[in-house]
Amino acid sequence: MPSPLWPYITPGIPDELFERLPGIPLSKREIRLLILAQLRLKPDSVLLDIGAGTGTIPIEVGLLCPKGQIIAVERDEEVANLIRKNCDCFGIENVQVVKGIAPDCLSELKQIYDRVCIEGGQPIQKILQAVWDHLPESGRIVATAINLETLYSISQSLSQLQARNVEVVQSAVNRLENRGFSQTLTAVDPMFILSGEKLN
């Protein structure tokens, strides 16, 4: 469902269209596309996004799945307000912003979610266990890691939870940038994207 700010049916909103706060991470456009692909969304999916940051994933999903619901969890009130502001800018009405610290705040959620995106949060293993316990059969988890320690923790947890169809993708993205009178390709920080399904 297009919005005035992004009047297209394709995902991949340019980074500069989002309101930002200094020091608050933003999932780069190309990384977002990989995450969205791994989520394997349905028209009425209910997505739980933990560590939603700037709100890029909730907004992309909100546009792709206007009949779905998105729960964006963020621990900081200022950042939670940033997500709300970005949702307003894009005309997104199916995102609920929850201010809280995972996994503690997850027990208060009333919705049954079938997709989970974990973009941050510690301790990651406890978060994975908590969402797994409430995930229905055929639900999917997608988690990102920017270092080997987090990659190992997520991979180990998915194994212990007996997740099925586990995939690990590492991004390698370069963007064209103007520097003075020349153009050069600049690397976007690589990221690991892990995904798995809950199947009995």
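Residues numbered from 1 in each chain as written. Predicted model: local features only at pLDDT ≥ 70, side-chain atom pairs only at ≥ 80, totals over all residues. Heavy atoms only, no water.

(A) Expanded view of the overall build of the protein. Scanning the protein for helices and strands turns up five helices and nine strands. Tracing the protein from N to C terminus, the helices and strands come up as α-β-α-β-α-β-β-α-β-α-β-β-β-β. For the protein, whose C-alpha radius of gyration is 17 Å, the value lies close to the compact-globule estimate of 16 Å for 200 residues. Each principal axis of the C-alpha distribution contributes one length, and for the protein these read about 55 × 35 × 30 Å. Out of the 200 residues in the protein, the part that is buried amounts to 50%. Of all intrachain contacts in the protein linking residues separated by at least 6 positions in sequence, the fraction that spans at least 24 positions is 67%. By element, 52% of the accessible surface of the protein is carried by carbon and sulfur atoms, the whole surface being about 10400 Å². Put simply, the protein has 19 plus and 24 minus side-chain charges, and the middle of one group is 3 Å from the middle of the other. (Helix = DSSP H or I, 4+ residues; strand = E, 2+ residues; numbered from the N terminus. Rg over C-alpha atoms; globule rule 2.2 N^0.38 Å. Buried < 20%, exposed > 50% of the residue type's maximum accessible area, 1.4 Å probe, protein only. Contact = heavy atoms within 4.5 Å. Areas by Shrake-Rupley, 256 points an atom, 1.4 Å probe, with all protein chains shown as cover. Lys, Arg positive; Asp, Glu negative; His and termini not counted. Charge placed at Lys NZ, Arg CZ, Asp CG, Glu CD.)

(B) A look at the side chain of Q38. In this fold, Q38 is placed in helix α1 (residues 29-39). For Q38, a relative accessible area of 11% gives the class buried. In contact with Q38, not counting residues within four places along its chain, are R140, V142, E167, V169, I193 and S195.

(C) Examining the pattern of salt bridges more closely. Scanning the entire structure with this criterion turns up 12 salt bridges. A salt bridge links E197 to R140; its shortest N-O distance comes to 2.8 Å. A residue pair is termed long-range when its members are at least 10 positions apart, and E197 in strand β9 (residues 192-197) and R140 in strand β5 (residues 140-145) qualify at 57 residues. With respect to burial, E197 and R140 carry one shared label: buried. Across the pair R179 and E177 runs a salt bridge whose closest N-O atoms are separated by 3.7 Å. (Salt bridge = Lys/Arg side-chain N within 4 Å of Asp/Glu carboxyl O.)

(D) Up close: the packing of aromatic side chains. Counted according to the given criterion, the structure contains two aromatic pairs. Ring geometry for W6 and Y8: centres 4.7 Å apart, planes at 70 degrees, overall edge-to-face. You can call W6 buried: its relative accessible area is 12%. Between F18 and F90, the ring centres sit 5.2 Å apart and the planes meet at 35 degrees, which makes this aromatic pair tilted. (Phe/Tyr/Trp six-rings, centres within 6.5 Å; stacked < 30°, edge-to-face > 60°.)

(E) Layout of the environment of G23. Residue placement: G23 occurs in the segment before α1. Taking the C-alpha atoms as reference points, G23 and S155, separated by 132 residues in sequence, lie 27 Å from one another.

(F) Quick look at the environment of I101. Looking at the secondary structure, you find I101 in the loop between β3 (95-99) and β4 (115-118). On the accessibility criterion, I101 (43% relative accessible area) is partly exposed.

(G) Region of interest: the pairing of β9. Counting buried residues in β9 gives six out of six residues, a clear majority hidden from the surface. Burial along β9 is two-sided: the face carrying F192, L194 and G196 and the face carrying I193, S195 and E197 are both buried. Where β5 meets β9, six bridges bridge the pair, whose relative direction is antiparallel. Considered in β9, the bridge of V142 is made with S195. Bridge count for strand β6 (residues 164-170) against β9 is five bridges, and the pairing is antiparallel. Looking at the pairing, V169 lines up with I193 of β9. (Pairing = 2+ DSSP bridges.)

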